[in-house]
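Secondary and tertiary structure notes
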Amino acid sequence: MVDSSSMKSLDTYKAISLDLDGTSLDTNSKISDKLVQLLNEIRNKGIKIFFVTGRTKLEVDEVLPDYLERDGLVTANGMVNYIDHEVISKHALNTELVEKVVFEARNDELYYEVHPQGFTRYALSEDQNYMKQELSLDKPASLKVNEYLARLENLDSLLNWENKLILEDVVKVYFFSMNQEKIRLFKEKLGNMQNHYPFDLFSSSAHSAEIMTSGVSKATGDKQLLNHYKLPSDQMLDEIGR
C-alpha cells in the first residue's frame with residue numbers, strides 16, 4: 001500500500017501500478033479520501049498512475065471517484081486496457097465457451113455473472129429466484145464479508161436480468177457459491193473444459209471462480225501501458241496484489 005511515508009522514494013519512478021481489491025480499496029470496497037489526495041499529489045509530481053484490476057471498467061467506475069485522475073487502466077485481468085478512457089486493446093471469451101459455462105452454472109443452480117465489455121453485468125431473468133435463495137443463506141465463516149456484501153449489492157441493484165444470453169465481447173464470467181464444496185466441484189468442471197477451449201481460470205477465494213482469455217494477465221496489461229508511454233519496466237513501482 002502506498003502511503004505518505006513512501007512519497008519520497010517514489011521520486012525515482014515514472015509510474016506506479018496499483019491493484020484495487022486488497023491494495024487501494026478497504027474491506028468495504030471503498031477508497032479513502034486520504035489515498036485519493038495522496039495519489040493526486042503523486043500524479044502532480046509527474047508520476048503516471050495506473051490501476052490494474054480483475055474488475056471490469058464499469059466495476060472500476062463504481063468504486064473510484066471521478067476526481068481521482070489516472071493515466072492508464074488495466075481491467076478484467078488484462079482483458080480490456082485503457083488510456084484516458086479510450087480502449088487501447090481488448091480480448092473476448094469464445095462465444096461457445098460462454099454459452100457452455102453459463103449452461104453448466106444454471107444446471108448446478110450456481111450464482112453467476114456474465115460481464116460483456118461496455119455493458120452491465122448480467123444473468124438470465126429466469127435464474128433470479130434460485131440466485132436470491134442462494135444469497136439468503138447464512139454467511140459461512142469462510143466467506144469474507146466484503147465478498148458477501150458485494151454479491152448482495154450486485155443481486156439487489158447492480159446485476160441486470162436479461163431474457164437471453166449476450167455472448168459477444170464477454171470479458172469474464174464470474175461464479176459464486178456460499179458452499180465451498182459446490183464451487184470446488186464446479187471448478188473441476190471448468191478445468192475439464194480447458195482441454196477443449198483456451199481460457200484461464202482464476203479464483204480470488206474459496207467461494208468463487210472466474211474465467212478469462214488464456215495468456216492475458218495484469219502483467220501483460222501493465223506492459224502495454226508502459227509501451228504506450230515509452231517507459232522501461234524498472235521505472236514503474238509495482239503495487240499489484242497478485
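This one's a predicted model, so the numbers in the text were calculated from it and none came from an experiment.

Cut-off values and rules
- Residues numbered from 1 in each chain as written.
- Predicted model: local features only at pLDDT ≥ 70, side-chain atom pairs only at ≥ 80, totals over all residues.
- Heavy atoms only, no water.
- Helix = DSSP H or I, 4+ residues; strand = E, 2+ residues; numbered from the N terminus.
- Expected span 1.5 Å × (residues − 1).
- Buried < 20%, exposed > 50% of the residue type's maximum accessible area, 1.4 Å probe, protein only.
- Contact = heavy atoms within 4.5 Å.
- Salt bridge = Lys/Arg side-chain N within 4 Å of Asp/Glu carboxyl O.
- 1 Å grid on protein atoms, 1.4 Å probe; cavity = no way out; pocket = protein on both sides within 12 Å on 5 of 7 lines; lining within 4 Å.
- Points joined across faces, edges and corners; volume = space filled by probe spheres on them.
- Nonpolar A, V, L, I, M, F, W, Y, C, P; charged D, E, K, R; others polar.
- Pairing = 2+ DSSP bridges.
- Right-handed = clockwise from strand over helix to strand, strands pointing away.
- Axes fitted to C-alpha atoms, helices over the stretch in contact; angles between N-to-C directions.
- Parallel < 35°, antiparallel > 145°, perpendicular 65-115°, else oblique.
- Left-handed = near helix turned anticlockwise from the far one by under 90°.

Looking now at helix 1 (residues 33–44). An α-helix turns once every 3.6 residues. As a result, residues three or four positions apart point the same way. With 12 residues, helix 1 should cover 16 Å at 1.5 Å per step; its first-to-last C-alpha distance of 16 Å lies within 8% of that length. Turning to helix 1, its buried residues are L35, V36, L38, L39, N40 and I42. Of the surrounding secondary structure, the elements contacted by the buried residues of helix 1 are strand 1 (15–18) and strand 2 (48–52). One or two residues past the end of helix 1 sits G46, with phi positive at roughly 95°.

Let's shift gears to the pattern of salt bridges. Under the counting rule described, the total for this entry stands at 17 salt bridges. For the salt bridge of R55 with D21, the shortest nitrogen-to-oxygen distance reads 2.8 Å. Taken together, the positions of R55 in the loop between strand 2 and helix 2 (57–63) and D21 in the loop between strand 1 and helix 1 put the pair 34 residues apart, joining distant regions of the chain. When its relative accessible area of 13% is taken as the criterion, R55 is described as buried. On the basis of relative accessibility, which here comes to 34%, the residue D21 falls in the partly exposed class. The closest approach of N and O atoms between R184 and E181, which form a salt bridge, is 2.7 Å.

Next up on the list: the layout of surface pockets. Estimated volume of the largest pocket: approximately 1,200 Å³. Along the walls of the largest pocket sit 40 residues, with D21, S29, R55, N146 and S204 positioned nearest its centre. Of all the secondary structure elements, the ones that give two or more residues to the lining of the largest pocket are helix 2, helix 5 (145–158) and strand 9 (170–176). Ranked by the residues each element gives to the lining of the largest pocket, the list is headed by helix 5, at 8 residues. For the lining of the largest pocket, a count of residues per class yields 9 nonpolar, 14 polar and 17 charged.

Attention now moves to the pairing of strand 1. On strand 1, burial covers both faces: A15 and S17 on one face and I16 and L18 on the other are all buried. Note: strand 1 against strand 2, 4 bridges, orientation parallel. Its bridge partner being in strand 2, A15 is matched across the sheet by K48. After leaving strand 1, the chain enters helix 1 and then returns to the sheet as strand 2, a path that is right-handed.

Before going further, it helps to spend a moment on the packing of helix 4 (residues 128–135) against helix 5. Between helix 4 and helix 5, the shortest axis-to-axis distance is 11 Å and the interhelical angle comes to 150°. In terms of orientation, helix 4 and helix 5 fall into the roughly antiparallel class. Crossing of helix 4 against helix 5: the hand is left-handed. Counted together, M131, K132 and L135 of helix 4 and Y148, R151, L152 and L155 of helix 5 form the full contact between these two elements. By residue class, the composition of the contact of helix 4 with helix 5 is 5 nonpolar, no polar and 2 charged.

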